[in-house]
Amino acid sequence: MKPPLVSVIVVNHNRADLLGECLASLVAQTYPSLEILVVDNASSDSSRALVSHYPDSRVRLIELDGNLGFGVPNNIGMKAARGDLIALLNNDAVADPCWLERLVKRISVSPEVGLCASKILVYGTNVIDKAGHLMYPDGQNRGRGTGETDHGQYDQPEEVFFPDGCAALYRREAVEAVGGFDPHFFAYADDADLGIRCRLKGWKCLYEPGAIVHHRRSATSGAYSPEKIYLVERNRFWLALKNFPWLLLLFTPVFTMNRWAWNLVAALTRRGAAGNFRRDSSLLDLVKVLGRAYKDGFRGIPLMLKARREIRRSRVLSDREFYRLLWRFRVSARRLAMQDIKYWE
């Protein structure tokens, strides 16, 4: 039987220096049936020339007129894609040769599996970036195993909450059933939002430990930039508002205050993401970023409530089933705040 076509989408903006190695890893895949779509966010460097003259006919360029972030370009790429399986790979990531082959094998075990997660390692190390995702009850998510040295502790194929958009495989049917990425998120937490909406529709997500990708973390936006902190916190608020049961939403502020308390400890002791943010910024800078995130987050409430009504109307999972899923793949506020990947740069 002919293997299904996989459409791999790579979103790019001014990273020709990284894109070449990313594409080289894709054209070297052992999986025989794939196309590679580079969706370029109006790059001003040599990215477009690199892709348009790439010596492999499977590589196609889609040119956008502006920087539309992550979700919208992926939606555009999916519309142009020919495959029934859609893979995403960041432009700052390099895939092992059997990455796609193993993801396709894993997602094919059951028609109920609509999403598949990779083992993502920090580039040049044996430190885990993500092995699937966990979630805190206020909507903040964290990679499973983030910051841990990889010694085989996540080498079993198993169910996870949702995949990281850095390196994931989706059934087109699953993504189209939920309308793709939310265009309002721009970047960060949009893959979590997509994953949760797919789970609410009844799709399962499996993790494939043999599908390995090496990731230069946040090479485009900066690992601890104010803009990233802003987007993560604003989009976390929107994700919860759209997808969480009302009872959980009532308690979300309490969970968030607990998470902030632990982040304050992390910032003061220079540990975790908040501590790494303080390498270049002050606590006052962090407060200002959070204030802006919630100011814009509240402005988006009408749009999120409109999306929420559709999600609630068409979901398959009951609230009880969602609570079980969230409990099964939970992460504590302490771990969210205190555990992070070492800042090497």
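Up top you'll find the structure we're talking about.
Small disclaimer: the values here were computed from a predicted structure and weren't measured.

(A) The arrangement of the packing of helix H8 (residues 246-268) against helix H10 (residues 283-299) in detail. Viewed as axis vectors pointing N to C, H8 and H10 meet at an angle of 155 degrees, and their least axial separation amounts to 12 Å. Our classification of the angle between H8 and H10 gives roughly antiparallel. The crossing of H8 and H10 is right-handed. Of H10, the residues touching H8 (which contributes Thr 256, Arg 259, Trp 260, Leu 264, Ala 267 and Leu 268) are Leu 283, Leu 290 and Tyr 294. Among the residues making up the contact of H8 with H10, the classes are represented as seven nonpolar, one polar and one charged.

(B) Examining helix H7 (residues 226-243) more closely. For H7, which comprises 18 residues, the first-to-last C-alpha distance of 26 Å matches the rise-based estimate of 26 Å (1.5 Å per residue) to within 8%. H7 sits mainly inside the fold: 15 of its 18 residues count as buried.

(C) Representation of the packing of H7 against H10. Between H7 and H10, whose axes approach to 8 Å, the crossing angle comes to 40 degrees. The angle between the axes of H7 and H10 places the two elements in the oblique class. The two elements H7 and H10 cross, and the hand of that crossing is right-handed. Side by side, H7 and H10 meet where Pro 226, Glu 227, Ile 229, Tyr 230, Glu 233, Arg 234, Arg 236, Phe 237 and Trp 238 of the first sit next to Leu 286, Val 289, Leu 290, Arg 292, Ala 293, Tyr 294, Asp 296, Gly 297 and Phe 298 of the second. Tallied by class, the residues present in the contact of H7 with H10 amount to eleven nonpolar, one polar and six charged.

(D) Region of the structure containing the pattern of salt bridges. What the rule picks out here adds up to 30 salt bridges. A salt bridge links Asp 40 to Arg 48; the nearest nitrogen and oxygen atoms lie 2.7 Å apart. With a shortest N-O distance of 2.8 Å, Arg 48 and Glu 63 are connected by a salt bridge. Separated by 15 residues along the polypeptide, Arg 48 in helix H2 (residues 47-52) and Glu 63 in strand S3 (residues 59-64) bring together distant segments of the chain. The exposure class assigned to Arg 48 is partly exposed, which follows from its relative accessible area of 21%.

(E) Representation of the pairing of strand S1 (residues 6-12) in the model. Of all seven residues in S1, seven are buried, a share of seventy percent or more. A two-sided burial pattern is seen for S1, the buried positions comprising Val 6, Val 8, Val 10 and Asn 12 on one face and Ser 7, Ile 9 and Val 11 on the other. Inspection of the sheet shows S1 paired to strand S2 (residues 34-41) by seven bridges, in the parallel sense. Its bridge partner being in S2, Ser 7 is matched across the sheet by Glu 35. As a crossover connection, the stretch from S1 through helix H1 (residues 16-27) into S2 is right-handed. In the sheet, S1 pairs with strand S4 (residues 85-89) via four bridges, with the strands oriented parallel. Bridge pairing links Val 8 to Ala 87 in S4.

(F) Quick peek at the state of the cysteines. Evaluated as defined, the whole model comprises zero disulfides. Unpaired in this structure, Cys 98 has its nearest cysteine sulfur neighbour in Cys 116, at a distance of 13 Å. Cys 98 sits in the buried class, given a relative accessible area of 18%. In this structure Cys 116 is not part of a disulfide, and its nearest cysteine sulfur, from Cys 205, lies 6.7 Å away.

(G) Structural view of unusual backbone geometry. Located in the positive-phi region is Asn 14, a residue other than glycine, with phi close to 55 degrees. Relative to the assigned elements, Asn 14 resides in the loop between S1 and H1. Looking at Asn 14, the relative accessible area reads 26%, which means it is partly exposed. Non-glycine residue Ala 42 carries a positive phi angle of around 55 degrees.

Conventions and cut-offs
- Residues numbered from 1 in each chain as written.
- Predicted model: local features only at pLDDT ≥ 70, side-chain atom pairs only at ≥ 80, totals over all residues.
- Heavy atoms only, no water.
- Axes fitted to C-alpha atoms, helices over the stretch in contact; angles between N-to-C directions.
- Helix = DSSP H or I, 4+ residues; strand = E, 2+ residues; numbered from the N terminus.
- Parallel < 35°, antiparallel > 145°, perpendicular 65-115°, else oblique.
- Left-handed = near helix turned anticlockwise from the far one by under 90°.
- Contact = heavy atoms within 4.5 Å.
- Nonpolar A, V, L, I, M, F, W, Y, C, P; charged D, E, K, R; others polar.
- Expected span 1.5 Å × (residues − 1).
- Buried < 20%, exposed > 50% of the residue type's maximum accessible area, 1.4 Å probe, protein only.
- Salt bridge = Lys/Arg side-chain N within 4 Å of Asp/Glu carboxyl O.
- Pairing = 2+ DSSP bridges.
- Right-handed = clockwise from strand over helix to strand, strands pointing away.
- Disulfide = S-S within 2.5 Å.

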